[in-house]
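# Coordinate inspection notes
Chain by chain, the residues:
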Amino acid sequence: MAVERATIEIVRKPWGRADLRPWSGVSDADGPVGELWFQRSDREAAPTALLLKLLFTTQPLSIQVHPDDAFARSLGLDHGKTEAWLVLSSEPGAVVGVGLTSPASLADLRASIDDGSIIDRMRWREVQAGDVVSVPAGTIHAIGAGLVIAEIQQRSDATFRLFDYGRARDLHVDHALAVAHRGPAEPQAPFQRLTDERTLLAVSPSFVLERLTLPDSGTWTLRATGESWLLVLQGQARVGALTVGVGEAVFLDGAQADLSVGAEGVTALLAYVGTVSDPTLLFNRDGRQAALPLRILEAQP
């Protein structure tokens, strides 16, 4: 059982940002920060199945694709990489690319990688705060400039680049072609309002992603039957003995913890290992399960 304040690993990138507020007060003295990785405070513990990150972009990232578990294991890796993004902030015109605009043959896709025209074959879309993007393994994707994104992913470094804006980094064309879905991305399911407090944002074979919106000055019980990550987006909360604010995270595993909400309420991202939402995840203090009939939203709020 574990309830731990997550530690932060700083990943500096030339495409990162100097000012990470309000998400972090990390200094840029050693260069711009591209990513903040949330890690277990118990560094002797076994590696976690999931990795929670914050990404900060001032330049577009590479066009890339991740393998599924089977292909990753054929390369000697533990597993592939499926991920999901929650956009926290965006500059005007900021875009992400997910999938292609139309199906492409293997030869056409290779040619577009070779001449750089793959950038024109991507399905780009403008995004704003609150948008969620699911990126299953095999989906060709890219993150543009001017974004702050919370990302949950399978813990894997398996990334195959197809296009990198002329940066002096290797591409991985053969592996990318072997795993990439050469067409538009599958339609994304709409958000599901599970309860007044819980919104289901994304589900994959590896994780579930929810948003918790808890009213002011309430006390709840959070029951994490397996690996879970809680990231505060707004407000402040006390999880067990830990007080966490904006940009701070808690790791839980096989533990039940009181979740006390501050005077302004709290909005948090909750990611956990699983394939379906957990109906026993959240209770109010008197033991009533936070559960109402399922409602499917027609559009993302």
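This report concerns the structure included in the present document. (Residues numbered from 1 in each chain as written. Predicted model: local features only at pLDDT ≥ 70, side-chain atom pairs only at ≥ 80, totals over all residues. Heavy atoms only, no water.)

What follows concerns the pattern of salt bridges. For the structure shown, the criterion picks out ten salt bridges. Glu35 is paired through a salt bridge with Lys53; the nearest N and O atoms lie 3.5 Å apart. Highlighted residues: Glu35 in strand β3 (residues 33-39) and Lys53 in strand β4 (residues 50-57), separated in sequence by 18 residues. Both residues of the pair, Glu35 and Lys53, belong to the buried class. A salt bridge links Asp164 to Arg169; the shortest N-O distance between them is 2.9 Å. By relative accessible area, Arg169 is classed as partly exposed at 35%. A single network of salt bridges, built from pairs that share partners, joins Glu35, Lys53 and Glu151. (Salt bridge = Lys/Arg side-chain N within 4 Å of Asp/Glu carboxyl O. Helix = DSSP H or I, 4+ residues; strand = E, 2+ residues; numbered from the N terminus. Buried < 20%, exposed > 50% of the residue type's maximum accessible area, 1.4 Å probe, protein only.)

This paragraph deals with the layout of surface pockets. For the largest pocket, the calculated volume is near 650 Å³. In terms of lining, the largest pocket is formed by 33 residues, of which the most central are Ser134, Pro136, Glu186, Pro187 and Gln188. Elements that contribute at least two residues to the lining of the largest pocket include exactly β6 (83-90), β7 (95-100), β8 (122-126), β9 (132-135) and β14 (198-203). If you tally residues by element for the lining of the largest pocket, the top one is β14, at four residues. In terms of residue class, the lining of the largest pocket is built from 18 nonpolar, eleven polar and four charged. The calculated volume of the second largest pocket comes to roughly 410 Å³. Those elements giving two or more residues to the lining of the second largest pocket turn out to be β2 (7-17), β3, β4, β6, β10 (141-143) and β11 (147-154). For the lining of the second largest pocket, the per-class residue count stands at nine nonpolar, seven polar and nine charged. (1 Å grid on protein atoms, 1.4 Å probe; cavity = no way out; pocket = protein on both sides within 12 Å on 5 of 7 lines; lining within 4 Å. Points joined across faces, edges and corners; volume = space filled by probe spheres on them. Nonpolar A, V, L, I, M, F, W, Y, C, P; charged D, E, K, R; others polar.)

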